[in-house]
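Residue strings, one per chain:
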Amino acid sequence: MQPVLSGKRAALRDLPPSIIFSDIDTQPIHRVAVDALRPTQMAVGMRAVEAKREKLARLTRRPRKLTHYLQRRAIPAVLGPGEELYIIDHHHLSLALFQSGVPDTFVRVVADFSNRRRLAFLRAMQAHGWLRSCDGEGRTISPVLLPATVGHLQADHYRDLAWSVREAGGFRKSPIPFSEFVWADFFREHIPAELVQQDFLSAHRSAMRIARSRSASHLPGCKRGKSLSD
């Protein structure tokens, strides 16, 4: 099978067999096929994906702007066994690209674990916090069950709730990997699934309220107000 970097592997040739790049922003970006990207999570928020699709619909009418947009949002990825690319961020954008029929995007390789066998690779990914082995309902799964392509990502309604709360200013974006899933799991504990699925606006209002409560004060990006109440 043709490696996804198709000839660009030479840029990594002289590096040690397992390496994490310390200065990520200086690493080159590569154009790759969207359907070659491997997810490191099982689920996404479909409302967030739809918002990305709307943005892409406007950009696809101006190819140069679309290319510039995607280059500025190069997807961080880890080179894994078989030189496959495992993306560790921008899953919503990746699925939006897939659903919109955009064939290619750009990635930036942040680590090279291509010399590891699959199970050792997955353990290394977990150790670095680059893999979320949970399904669309927050239940733990084996990482070997993660989808092979972004087109098979599942829906997680609580991930949508976390996205909507952050968009409304309920908490700040955090560089911590999968931080919005931390919020999604927090909301999962406090807001009934029936409300999220049947009355998203009411669920959003409840989530906005508890996002500023004392019980949320330990979460990444929490906006701690002057008065915190349970």
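None of the values given here were measured: they were computed from a predicted structure.

With respect to the overall build of the protein chain
Reasoning step 1: Counting secondary structure elements, the protein chain contains eight helices and eight strands.
Reasoning step 2: Across the 230 residues in the protein chain, those meeting the buried criterion constitute 47%.
Reasoning step 3: Taking the contacts inside the protein chain whose residues are at least 6 apart along the sequence as the reference set, 74% of them involve residues at least 24 apart.
Reasoning step 4: Approximately 12,000 Å² of the protein chain is accessible, and the part contributed by carbon and sulfur atoms is 50%.

Description of the pattern of salt bridges
Reasoning step 1: Per the stated rule, a full pass over the model turns up 10 salt bridges.
Reasoning step 2: Among the salt bridges present, the one from Arg188 reaches Asp156, with a minimum N-O distance of 2.9 Å. Of this pair, Arg188 sits in helix 6 (residues 179-190) while Asp156 sits in the loop between strand 8 (154-155) and helix 5 (157-167), placing them 32 residues apart in sequence.
Reasoning step 3: Residue classification places Arg188 among the partly exposed positions, given a relative accessible area of 21%.
Reasoning step 4: Its salt-bridge partner being Arg166, residue Glu180 comes within 2.4 Å of it at the nearest N-O pair.

Some remarks on the pairing of strand 2 (residues 29-33)
Reasoning step 1: Side chains His30 and Val32 project from strand 2 onto a buried face, and the interleaved Ile29, Arg31 and Ala33 project onto a face without burial.
Reasoning step 2: Examined bridge by bridge, strand 2 and strand 7 (residues 104-112) share five bridges and lie antiparallel to one another. Bridge pairing in strand 7 links Arg31 to Phe106.

What about the side chain of His204?
Reasoning step 1: Mapped onto the elements, His204 comes out in helix 8 (residues 200-211).
Reasoning step 2: Taking the relative accessible area as the measure of exposure, His204 reaches 15% and is therefore buried.
Reasoning step 3: Beyond its immediate chain neighbours, meaning those up to four positions away, His204 contacts Leu161, Ser164, Val165 and Ala168.

Quick look at helix 2 (residues 63-72)
Residues lying three or four places apart along an α-helix face the same way, a consequence of the helix completing one turn every 3.6 residues.
Reasoning step 1: Along helix 2, the residues classified as buried are Leu66, Tyr69 and Leu70. The arc that holds every buried residue of helix 2, seen down its axis, measures 95°, which confines them to one face. Those residues of helix 2 that are exposed and aimed more than 90 degrees away from the buried face are Arg64 and Arg72.

Overview of the packing of aromatic side chains
Reasoning step 1: According to the stated counting rule, one finds eight aromatic pairs in the structure shown.
Reasoning step 2: Both rings, one in Phe178 and one in Phe181, keep their centres 6.2 Å apart while their planes meet at 50°; by these two values the pair is tilted. Each member of the pair, Phe178 as well as Phe181, is classed as buried.
Reasoning step 3: Pairing Phe186 with Phe187 gives two aromatic rings, centres 5.7 Å apart and planes at 55°, and the pair type is tilted.

Comments concerning the environment of Phe178
Reasoning step 1: Relative to the helices and strands, Phe178 resides in the loop between helix 5 and helix 6.
Reasoning step 2: Residue class for Phe178 comes out buried when judged on its relative accessible area of 16%.
Reasoning step 3: Separated by 47 residues in the primary sequence, Phe178 and Leu131 place their C-alpha atoms 8.4 Å from one another.
Reasoning step 4: Those residues in contact with Phe178 that sit more than four places away from it in its chain are Thr40, Gln41, Gly129, Trp130, Leu131 and Arg132.

Quick notes on the side chain of Ser217
Reasoning step 1: Locating Ser217 in the fold gives a position in the segment after helix 8.
Reasoning step 2: Given the relative accessible area of 18%, Ser217 is considered buried.
Reasoning step 3: One polar contact links the side chain of Ser217 to the main-chain carbonyl oxygen of Arg214, over a distance of 2.8 Å.

Here we look at the confidence of the model for the protein chain
Reasoning step 1: The share of residues in the protein chain with pLDDT of 70 or more is 86%, and the mean pLDDT across the chain is 88.
Reasoning step 2: The least confident element of the protein chain, judged by mean pLDDT, is strand 1 (residues 19-20) at 65; the most confident is strand 3 (residues 37-38) at 98.
Reasoning step 3: Contacts of residues 6-17 to residues separated by more than four positions or lying in other chains number 14 contacts, the stretch itself having pLDDT below 50.
Reasoning step 4: Here residues 226-230 scores under 50 on pLDDT; set against residues more than four positions off or in separate chains, the count is eight contacts.

The rules behind each value
- Residues numbered from 1 in each chain as written.
- Predicted model: local features only at pLDDT ≥ 70, side-chain atom pairs only at ≥ 80, totals over all residues.
- Heavy atoms only, no water.
- Helix = DSSP H or I, 4+ residues; strand = E, 2+ residues; numbered from the N terminus.
- Buried < 20%, exposed > 50% of the residue type's maximum accessible area, 1.4 Å probe, protein only.
- Contact = heavy atoms within 4.5 Å.
- Areas by Shrake-Rupley, 256 points an atom, 1.4 Å probe, with all protein chains shown as cover.
- Salt bridge = Lys/Arg side-chain N within 4 Å of Asp/Glu carboxyl O.
- Pairing = 2+ DSSP bridges.
- Arc of directions from axis to C-beta.
- Phe/Tyr/Trp six-rings, centres within 6.5 Å; stacked < 30°, edge-to-face > 60°.
- Polar contact = N/O pair within 3.5 Å; in protein donor to acceptor, adjacent residues only side chain to side chain.
- pLDDT = per-residue confidence, 0-100.

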